[in-house]
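# Residue-level structural notes
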Amino acid sequence: MTLTAVKNSSKSYDIQLIVYYILLVTIGWFAIYASAYDKDAAFDVFTLHKPFGRQLIWIGVSLLEILILLLIDNKLIYSYAHYFYGFCLLIMVIVLFVAPEISGARAWIRIGAFSMQPVEFMKLATALSLAKFFSDSKTERQRQNIWLYASLLIGVAIILTFLQHDTGSALVFLSFIILFYREGLSTNFLIIGIMVAFIFIFTLLFNEIYTIGALLTVFLIFWYFQRKNKRKMLRNLYILIASVIFVFAVNILYNNIFQVHQKQRIDSILGKSSDPKGADFNLNQSLIAIGSGGFMGKGFQRSTQMQLNFVPEQSTDFIFCGIAETFGFVGCLVLVAIFMLLIIRIIVLSEKQRNPFVHYYGYAIAGLFFFHFAINIGMTIGILPIIGIPLPFISYGGTSILAFTAMLFIFIKLDNN
Amino acid sequence: MDLSGLKKRQFIIMGAMLLIVLIYVIKLFHLQIIDKSYEKSAERNAMRYLTDHPARGLIYDRRDSLLVYNEASYDLMVVPKEMRTFDTADLCRTLDISTEDLLKQINKAFNYSSMLPSLVYAQISKEDYSYLQEKLFKFPGFYIQNRTLRKYPHPVAAHILGYVGEVDNNILEKDPYYRMGDYTGLSGIEKAYEKELRGIKGQRVVLVDVHNREQGSYDNGSQDRAAWAGQSLWSTLDLELQRYGEELMKNKRGSIVAIEPATGEILCIVSSPGYDPNLLVGSGRSKAFAELMRDTVQLPLFNRALIAIYPPGSTFKLANGLIAEQEKILTASTIYNCNGGYRVGNHTIACHHAGATNLVAAVQYSCNSYFCRTFYNIVSNRKYGSTQEGYQVWKNYINQMGFGVRFGTDLPYESAGIIPSVDFFNKKYRGRWNGNTIVSMGIGQGEVSTTPLQMANLMAIVANKGFYIKPHIIKAIGEKEHANTRYDEVIDSRIDKQYFDPIIRGMVMAVQAGTARRAQIRGISVAGKTGTAQNPHGKDHSVFSGFAPVDNPQIVVFVLVENGSWGATVATPIASLVMEYYLNRKIERKDLEESMMLLKLY
């Protein structure tokens, strides 16, 4: 394929997705620029000493990446999906051994002057690999155990990510559940998942006795309505027993899986502890920055909380605070709207696909984008515990913008065919 | 796999996503629009209201000499978090402290807060400051904070000037002006004129970052207010005279009060022994204060001129003479015979002289018999009906002259002295008493007690021939032309002018050829009265009270020297030297001056 061919075919690239992408990247860059306030320094936009300068370079590299992606043959993507997954797994394993510890995680490798976070590409590779797996023809055994195989692809990635102490990213791999659900995963799994989450939160919030009491009440209600159906009654009894066992496991799991700071964050979201100057400092400052934005925001370069560094990680994980403080509720609505338009557009396009690979892939990345978006904003507004993951296309970070750009533009490219 | 059957799930997925986003939007709406508390929190976070402390007003003497000013003082502060490795030995050398002490301070700072500044070394001298300033770049995290300290260029009038110190809870509760750590006048002029001296605080609104570091002014300083320096005060004190008085009183206990009679302005007020006001400044104040407090022998903090009460002695006779004249109990030509004493029952109040005496001579020779008789004649006069009534008439006059009451002007704490009430004597003598029972009060002994300030005021009444203005210490506020009018009320002593003539004549005679001859000054006519305040604990106190020049009184001087025996020996020459110095600005009697300065009475 030549450059002219790209130009000729570019008309059919989905213009909506490209526009959303450009909007998000632009908003992101300005948000990073605004957060690096320094009243004394005359800013050189291209300086490499400031995040916005470096981000500009990464945006440039992303454009180059887009060009390359549009130039390569689609078949290359289909046929190398699993290889790419394998390659990323290898890198992830290497990272475990060579990565220095940065704020508790061993997730970064240094290449020259830059740090890379391979897990970002692991997300892309998993999406591609899942799409490939679902779209390939399968043996009978594969067909029977399709969810097991698919879960294996995700599970390995999750375990490696966990080993890197990158809980946030590990959590994001669960986003493929959206793809699974769309492809026929039983609703029961989701119900079980929701129950597990509910019991977990309820037990942490109150205690084992209350939770069991609540479960028993629900069970007895079902018992009454289904007393003619012996099978269902028996099933419910199994569920009850399993639930009760799980209830007692909750605190053990909670104390063993999570690290101290994560437990503190969960406790503060559940309202069990309040320590605005200590453990809850970040959340508190995040809420203050967002809340003080008001309806219209304080205006560009006039935000106090961001510019005076009250909000931590303000160009990466907490970038949303800057946008909320600077542009207020209106700005937040616009940002949320663009994100939802992007994600829904991907789903709509996926549904239209005749090529199953693109369909699966579309759902995979729609889920990834939504999880990132929902977890990131959810934590800044105090709905979810604080988990460090980037806001796609917005947050500062070379690997993250390269990976998200690749995810989106592979879809745009494949969609075109 | 049956795609078409699962196709509807796309709507469930999109619906769930939109539901989550809707929850987020509602939460955002609540955070940003409903809940206004975050705006305030943001303000608290980022804005600091800093107070600019105004410079405290200066204090001048009546001739524009500076008595109190502010001196910049420098404290070395540290923000532990900003500290980097530095040459501790170098810093210790600069500050002249041991490494141990420095590390102790830094540890303390760490324990307090790693983000907020803590004091490392207080009151760096000006010389060390400039030296340290040059080197400060080598010590990151350290910075110098400017403060001001009260400074007294001349170590005089400590009791009257007072001192400043940190406000206590009591003051904090009463006056919203003050914040913890602010300074306020705690005694003397500093306290009496605190409102004028303190000025108006300024305010700066600055933005601070998360580490509490200043990041510039808020909104270009639109909410900033400059501090207004406190008003300067002009004291009525004459610095040179004050210093001279203190030199004369060196090594003696006692006090000098000099007043300009026409205005009530205090020219000098000495309480000896005193202390250097510079001791009670800055960080050493509490320690120095405790040390001065501990000195129970010298009582350097005790302001004898205002608080100490003494039997007034013979100078009190003048008041009794005046009252008797005003009450027409005697005239200038009334003669009482003195046989060397005044007999009361089987007890005699001795008198140094003998013979027929009129009022002028009685004053001149300080005749005890004469004034005992006079006092008796007032108190036990038939025209009042009873002793009680008679005493009350006398007491009213005495109170009117400022005895037994406080002036309540801008001076530090004063004693009221003691002028007993009728009830007091009724109780003491079970109602059976007359003028002779308490006749020693007629010569300034017995139950009467006065302060040196009150005695000086009596002499001002005499000099003014009938009126006085309450003695006070501040002449002008803000500008020298802006006179302090708080204490310019003319108070009538209720003694008519003509009655002063014989008294004054007697006092002039006392100086020329009586008990107070040592008060004579060449070329200046002096009126004076010696006294001896009886002291049951030791040698009597030497007292002199007088004014000069007689025709146009410029200065009233009262001197009391504890254990100085009788008036003529110590108090009279000192008072005379004070008058001479004030009126001539030089001393001719160098020998007298020298002998008085060298005289040691403790």
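These numbers were taken from a predicted model, which means no experiment stands behind them.

### Here we look at the confidence of the model for chain A
Segments scoring low in pLDDT should not have their predicted coordinates read at a detailed level. On average, residues of chain A carry a pLDDT of 86, and 92% of them reach 70 or more. Taken together, the stretch residues 1-8 of chain A has pLDDT below 50 and engages in 8 contacts with residues farther than four places along the chain or on a different chain.

### Let's talk about helix 2 (residues 15-35) of chain A
Residues and elements named next belong to chain A. Here helix 2 contains 21 residues, and its C-alpha end-to-end distance of 30 Å stays within 8% of the 30 Å for a straight helix at 1.5 Å per residue. Taken as a whole, helix 2 has its buried residues at Leu17, Tyr20, Tyr21, Leu24, Val25, Gly28, Trp29, Ala31, Ile32, Tyr33, Ala34 and Ser35. Buried residues along helix 2 sit in contact with helix 3 (51-71), helix 15 (304-307), helix 16 (319-352) and helix 18 (398-416).

### Topic: the environment of Phe500(B)
Residues and elements named next belong to chain B. With respect to the helices and strands, Phe500 occurs in helix 19 (residues 500-513). The exposure class of Phe500 is buried, given its relative accessible area of 0%. C-alpha of Phe500 to C-alpha of Ala463: the two residues are 37 residues apart in sequence and 8.5 Å apart in space. With near-sequence residues (within four places) excluded, Phe500 lies in contact with Leu322, Ile461, Val462, Lys465, Gly466, Ser493 and Ile495.

### With respect to the packing of aromatic side chains
Throughout the structure, instances matching the rule amount to 50 aromatic pairs over all chains. Seen in terms of ring centroids, Phe30(A) and Phe300(A) are 5.9 Å apart; in terms of plane orientation they differ by 75°. Their pairing is edge-to-face. With a gap of 270 residues between them, Phe30(A) in helix 2 and Phe300(A) in the loop between helix 14 (281-291) and helix 15 connect regions that are remote in the sequence. Taking relative accessible area as the criterion, Phe300(A) reaches 35% and is therefore assigned partly exposed. Between Phe134(A) and Tyr360(A) the ring centres are 5.3 Å apart and the planes differ by 45°, which places this aromatic pair in the tilted class. Within this pair, whereas Phe134(A) is found in helix 5 (residues 118-135), its partner Tyr360(A) is found in helix 17 (residues 356-380), the two being separated by 226 residues in sequence. Taken individually, Phe134(A) and Tyr360(A) each receive the classification buried, so the pair is uniform in this respect. Here the aromatic cluster, defined as three or more aromatic residues joined through ring pairs, consists of Phe316(B), Phe375(B), Tyr391(B), Trp394(B), Phe403(B), Phe424(B), Phe425(B), Tyr429(B) and Trp433(B). For Arg227(A), the ring lying beneath its charged end belongs to Tyr224(A), and the centroid distance is 4.3 Å.

### Points about the interface of chain B and chain A
In this assembly, 34 residues from chain B lie in contact with 49 residues from chain A. Contact between chain B and chain A buries roughly 3,700 Å² in total, counting both sides, with carbon and sulfur atoms accounting for 73%. Counting the surface chain B buries against chain A, the share from its top three residues, Met17(B), Tyr24(B) and Gln32(B), is 19%. Here chain B is connected to chain A by 1 salt bridge. A salt bridge links Glu351(A) to Lys7(B), with the nearest nitrogen and oxygen atoms 3.3 Å apart.

### A short note on unusual backbone geometry
Residues and elements named next belong to chain B. Between Ser272 and Pro273 the backbone carries a cis peptide bond, its omega angle lying at 0°. The topology assignment puts Pro273 in the loop between strand 12 (265-272) and helix 12 (285-294). In this structure, Arg430 takes a positive phi of about 50° despite not being glycine. Within the secondary structure, Arg430 is located in the loop between helix 17 (422-428) and helix 18 (452-464). A positive phi angle is found at Arg585, which is not glycine, with a value near 60°.

### Digging into the nonpolar core
Judged by nonpolar contacts, the single largest core of 126 residues is most densely connected at Phe320(A), Tyr361(A), Phe369(A) and Leu408(A). If you tally residues by element for this core, the top one is helix 16 of chain A, at 17 residues. By size, the runner-up hydrophobic cluster in this structure holds 97 residues, among which are Ala308(B), Cys367(B), Ile438(B) and Leu458(B).

### Let's talk about the sheet that holds strand 9 (residues 214-217) of chain B
All names here are of chain B. Here 3 strands make up an open sheet; going across it, the order is 1-8-9 and the pairing antiparallel. Unpaired on one side and paired on the other, strand 1 (47-52) and strand 9 mark the two borders of the sheet. In this sheet, neighbouring strand axes are inclined to one another by 40° on average, regardless of whether the strands run parallel or antiparallel. Across 6 bridges, strand 1 lies against strand 8 (residues 202-208) in antiparallel orientation. By the bridge assignment for strand 8, Arg48 is matched with Val206. Along the sheet, helix 3 (residues 37-46) makes contact with strand 1 and strand 8, crossing strand 1 at roughly 50°.

### What about the environment of Asn251(B)?
Residue and element names in this part refer to chain B. Turning to its location among the elements, Asn251 is positioned in the loop between helix 11 (239-248) and strand 11 (254-260). Sequence-wise, Asn251 and Leu601 are 350 residues apart; in three dimensions their C-alpha atoms are separated by 6.1 Å. Not counting the four nearest positions on each side in its chain, Asn251 is found in contact with Leu599, Lys600, Leu601 and Tyr602.

### Remarks on the sheet that holds strand 22 (residues 555-561) of chain B
By way of backbone hydrogen bonds, the strands of a sheet pair with one another, either parallel or antiparallel. Residues and elements named next belong to chain B. One open sheet accounts for 5 strands, arranged 12-11-22-21-20; its pairing is antiparallel. The open sheet terminates on both sides in strands that have one partner only, identified here as strand 12 and strand 20 (527-533). Across this sheet, the average inter-strand angle for adjacent strands is 10°, counted without regard to direction. Of the strand pairs in this sheet, strand 21 (residues 541-548) and strand 22 are connected by 7 bridges, and their pairing is antiparallel. Bridge pairing in strand 22 places Ser545 opposite Phe558. The strands touched by helix 11 within the sheet are strand 11, strand 12 and strand 22, with strand 12 carrying the most contacts at an inclination of about 25°. This element, helix 19, spans strand 20 and strand 21 of the sheet and lies at about 80° to strand 20.

### Focus: the pairing of strand 14 (residues 341-344) of chain B
Residue and element names in this part refer to chain B. Two elements, strand 14 and strand 15 (residues 347-350), share 4 bridges in a ladder whose sense is antiparallel. Its bridge partner lying in strand 15, Gly341 is registered against Ala350. In sequence, strand 14 turns back onto strand 15 through a hairpin of 2 residues, with Gly345 there showing a positive phi of about 60°.

### Description of the side chain of Glu208(A)
Checked against the element boundaries, Glu208(A) lands in helix 11 (residues 208-225). In this structure, Glu208(A) is in contact with Thr203(A), Val247(A), Phe248(A) and Asn251(A), ignoring residues within four places of it in sequence.

### Here's the deal with the packing of helix 11 of chain B against helix 20 (residues 571-584) of chain B
All names here are of chain B. Helix 20 packs onto helix 11 with a crossing angle of 155° between their chain directions and a minimal axis gap of 10 Å. Judged on the interaxial angle alone, helix 20 and helix 11 are roughly antiparallel. In the crossing of helix 11 with helix 20, the sense of the turn from one axis to the other is right-handed. Contact with helix 11, carried on its side by Glu240, Leu241, Tyr244 and Leu248, involves Ile574, Leu577, Val578, Tyr581 and Tyr582 of helix 20 and no other residues of that element. Residue composition of the contact of helix 11 with helix 20, by class: 8 nonpolar, no polar and 1 charged.

### Digging into the pattern of salt bridges
Residue and element names in this part refer to chain B. Applying the stated criterion across every chain yields a total of 29 salt bridges over all chains. A salt bridge links Glu194 to Arg56, with the shortest nitrogen-to-oxygen separation between them at 2.7 Å. A residue pair is termed long-range when its members are at least 10 positions apart, and Glu194 in helix 10 (residues 194-198) and Arg56 in the loop between strand 1 and strand 2 (59-60) qualify at 138 residues. Pair check on accessibility: Glu194 and Arg56 agree, each one buried. Residue Arg589 is joined to Glu580 by a salt bridge in which the shortest nitrogen-to-oxygen separation is 2.9 Å.

### Topic: a nonpolar patch on the surface
Together, Leu90(A), Val93(A), Ile94(A), Phe97(A) and Val98(A) line one region of the surface with nonpolar side chains, adding up to about 500 Å² of accessible area. Position of Leu90(A) among the secondary structure elements: in helix 4 (residues 74-98).

### Description of the environment of Asp87(B)
With respect to the element layout, Asp87(B) can be found in the loop between strand 3 (66-78) and helix 4 (88-95). A sequence separation of 52 residues divides Asp87(B) from Phe139(B), and the C-alpha atoms of the two residues are 7.8 Å apart.

Cut-offs applied
Residues numbered from 1 in each chain as written. Chains lettered and ligands numbered in written order. Predicted model: local features only at pLDDT ≥ 70, side-chain atom pairs only at ≥ 80, totals over all residues. Heavy atoms only, no water. pLDDT = per-residue confidence, 0-100. Contact = heavy atoms within 4.5 Å. Helix = DSSP H or I, 4+ residues; strand = E, 2+ residues; numbered from the N terminus. Expected span 1.5 Å × (residues − 1). Buried < 20%, exposed > 50% of the residue type's maximum accessible area, 1.4 Å probe, protein only. Phe/Tyr/Trp six-rings, centres within 6.5 Å; stacked < 30°, edge-to-face > 60°. Lys NZ or Arg CZ within 6 Å of the ring centre and 35° of its normal. Buried area = accessible area lost by both parts, 1.4 Å probe. Salt bridge = Lys/Arg side-chain N within 4 Å of Asp/Glu carboxyl O. Core = buried A, V, L, I, M, F, W, Y, C linked by side-chain atoms within 4.5 Å. Pairing = 2+ DSSP bridges. Axes fitted to C-alpha atoms, helices over the stretch in contact; angles between N-to-C directions. Parallel < 35°, antiparallel > 145°, perpendicular 65-115°, else oblique. Left-handed = near helix turned anticlockwise from the far one by under 90°. Nonpolar A, V, L, I, M, F, W, Y, C, P; charged D, E, K, R; others polar. Patch = residues over 30% accessible without salt bridge, like charges linked within 9 Å, V, L, I, M, F, W, Y side chains within 5 Å. Areas by Shrake-Rupley, 256 points an atom, 1.4 Å probe, with all protein chains shown as cover.

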